[in-house]
Amino acid sequence: MSDPIPENDRPEETRVSRRSFVKMGAVGVAVGAASLAFGCSPAADGSNAMGKPDKESLKGDCSSVPVDNAGNEVKEASSVADATNVAVDIEKPNVELTYDIVDSHLHYTDFLERTDGFPSLVKAMDAAGVSQSVIFGMGIVKQWDESLDKAPQYYLSNDSRCYYYSATDFIVAEDLLAQPEATRKRFFPFACGINGNDRFSADHLRRLLKLYPNFWCGIGELMSRHDDLTALTYGEPPHIDHPAFLEIFDLAAQESLPVLVHHNITAQNSEEILYLHELEEALAHNRDCKIIWAHVGISRRVEIQNLPRIADDLLANNENLWIDISWVVYDYYFLDKFPNQYHDGNTLDDWVALIEKYPDRFMLGTDKVGHWATYPAETVKYYPLLDKLSPVAARKLCRDNILAVIKTYE
């Protein structure tokens, strides 16, 4: 038998679209691909009898209820990710829901690229009063070394390496596009599966923009100076003023995509500010690029004085900077719940004053990672802060600011 004709050499009308192939995968890739590839059966996604997509099927986020290759609705779309098949017990919040929140920071997958999936996430969001959310995968995954019998569950499970995982973006895209339209409209996907030290990273993002047109709403969360996590990766730890990062910022400005970056301003257990100048250089590189600074530059065991003043100076000098309040910065620096009783010199009222000074520049995120049981608690923990803010500032923090920064499509 002769070799099959290469995909790119086939007549356009006989090629199988990416979305058609994925949809067929839920019910049997082999049979569906064989029939579509040779133009002998009708497609189920609005394409003609020869498999050529119509105008609607060429748009990015265009599918409605997923269908199989016979045109039947798929009631339970299969997940590309390693999704749990059991119902997730969502813990109910302990307060009355009084705020409508758009989550600015949410990982669909964990450090093993596992997830509870979109149906459970929607239930958790409903229980938390979250109407919409930014969503992205996990751009760095944990390696399971051959010398270890027990699989790691988290990037800090052991001292084995972590590595960059670009497939996380495809997992998010395919799982989201397989959801019903009402679910898809609640999420704003960001692309994150790149190595910040790789000068090819911008090219990878360009390919994603072509593969999923009118789909991506931003870039991130990209990792820079992320203490243990980036220290466990191979090669030089990424830093936000690296030439590869600067090329990403140029692409983001060109495409009107915000960039969410985790960039610690110092090392663990050091009160000396070591990496702030890298953020300042990144902000100055391209003023048309909107940079969202995750966690105000803080992660575990990063303990410094006067963080509100540092944030104030940065916001005053950089109109292209936004700040994402998520993860441990709220517990440690806003509520003074440092694990080791460290005292940073500021109170919740200091942060309230800073947000009121720059009401258009802050946003709120949960930073949950692939699993949703405690999602409502991670959301309503911000109520003490929101209750102290003016109604206008609270609404901007909850939803308006992130909606103003992301790219949206008609």
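Preceding block: the structure.
Reading the values: rules and limits
Residues take numbers from 1 onward in each chain, read along the sequence in its written order. Selection of residues for local features in this predicted model requires a pLDDT of at least 70, selection of side-chain atom pairs for listing and counting requires 80 or more, and totals for whole chains, interfaces and linings are taken over all residues. Here the side-chain values reflect all heavy atoms present in the structure, with hydrogen atoms and water set aside. Using a 1.4 Å probe on the protein chains alone, a residue whose accessible area is under 20% of its type maximum counts as buried, one over 50% counts as exposed, and one in between counts as partly exposed. Each helix is a run of H or I in the DSSP string that is no shorter than four residues. Each strand is a run of E no shorter than two, and both are numbered from the N terminus. Pairing between strands is defined by DSSP: at least two bridges between the two strands are required. Between N or O atoms, a polar contact is any pair within 3.5 Å; within protein, one atom must be a potential hydrogen donor and the other a potential acceptor, and residues adjacent in sequence are included only when both atoms are from side chains. Simply put, an axis is a line fit to the C-alpha atoms, just over the touching stretch for a helix, and the angle between two N-to-C directions goes from 0 to 180 degrees. Oblique is the label for every angle not falling under 35 degrees (roughly parallel), over 145 degrees (roughly antiparallel), or within 65 to 115 degrees (roughly perpendicular). Each crossing is labelled by how the near helix is turned from the far one, with a counterclockwise turn of less than a right angle marking it left-handed and a clockwise turn marking it right-handed. Any pair of residues with heavy atoms lying within 4.5 Å of one another is described as a contacting pair. Note that Gly is not counted as nonpolar here; it falls among the polar residues with everything else outside the nonpolar set of Ala, Val, Leu, Ile, Met, Phe, Trp, Tyr, Cys and Pro and the charged set of Asp, Glu, Lys and Arg. By definition here, a salt bridge exists when the distance from a side-chain nitrogen of Lys or Arg to a carboxyl oxygen of Asp or Glu is within 4 Å. Residue count minus one, scaled by 1.5 Å, sets the expected span of a helix.

A.B. asks: Before we go on, may I ask you to explain the pairing of strand β11 (residues 321–325) in this structure?
C.D. replies: A regular strand places its side chains on the two faces of the sheet in alternate fashion. Taking burial as the measure, the five residues of β11 include five buried ones, the bulk of the element. Here β11 shows a buried face lined by Leu321, Ile323 and Ile325 and a second buried face lined by Trp322 and Asp324. Examined bridge by bridge, strand β10 (residues 291–294) and β11 share four bridges and lie parallel to one another. Bridging from a neighbouring strand, Trp293 pairs with Ile323 of β11. Looking at chain direction, β11 and strand β12 (residues 362–364) are connected through three bridges and run parallel. Note that in β12 the partner of Asp324 across the bridge is Met363.

A.B. asks: Would you mind showing me how to read the environment of Val141 here?
C.D. replies: Mapped onto the fold, Val141 is located in strand β5 (residues 140–142). According to the relative accessible area criterion, Val141 is buried, its value standing at 5%. Here the alpha-carbon distance between Val141 and Asp110, two residues 31 residues apart in the chain, equals 8.0 Å.

A.B. asks: I would appreciate a short explanation of the side chain of Arg184 in the present structure.
C.D. replies: Note that Arg184 resides in helix α5 (residues 181–184). Residue class for Arg184 comes out buried when judged on its relative accessible area of 5%. Side-chain polar atoms of Arg184 contact the backbone oxygen of Gln179, separated by 2.9 Å.

A.B. asks: Explain the packing of helix α6 (residues 201–211) against helix α8 (residues 243–255) to me, please; I cannot follow it from the model alone.
C.D. replies: A pair of packed helices can be characterised by two numbers: the angle between their axes and the separation between those axes. In the contact formed by α6 and α8, the axes pass within 8 Å of each other and the chain directions differ by 30°. By the criterion of interaxial angle, the relationship of α6 to α8 is roughly parallel. In this structure, α6 crosses over α8, and the sense of that crossing is right-handed. Of the residues in α8, those touching α6 at Ser201, Ala202, Leu205, Arg206 and Leu209 are Glu247, Ile248, Leu251 and Glu255. Across the contact of α6 with α8, the residue classes break down as five nonpolar, one polar and three charged.

A.B. asks: Mind showing me how you'd approach the pattern of salt bridges here?
C.D. replies: Two side chains carrying opposite charge are able to pair once their charged atoms lie near each other. Under the counting rule described, the total for this entry stands at twelve salt bridges. For Asp100, the salt bridge goes to Arg399, with nearest N and O atoms at 2.8 Å. In this pair, Asp100 is assigned in the loop between β1 (82–83) and β2 (101–103) and Arg399 in helix α15 (residues 391–405), connecting sequence segments 299 residues apart. Judged by its relative accessible area of 12%, Arg399 falls in the buried class. Close ionic contact of Arg199 with Glu247 constitutes a salt bridge, the shortest N to O distance being 2.4 Å. Here Glu247 lies in helix α8 and Arg199 lies in the loop between β7 (187–191) and α6, a separation of 48 residues in the sequence.

A.B. asks: Would you take a moment to explain α8 for this structure?
C.D. replies: For an α-helix the count is 3.6 residues per turn, leaving residues at separations of three or four pointing the same way. Helix length check: α8, at 13 residues, gives a terminal C-alpha distance of 18 Å against a target of 18 Å (1.5 Å per residue), a fit within 8%. Buried within α8 are the following residues: Ala244, Phe245, Leu246, Ile248, Phe249, Leu251, Ala252 and Ala253. Just downstream of α8, Ser256 is the residue with a positive phi angle, here 60°.

Note that every value here comes from positions in space, so none of it alone points to a role or purpose.
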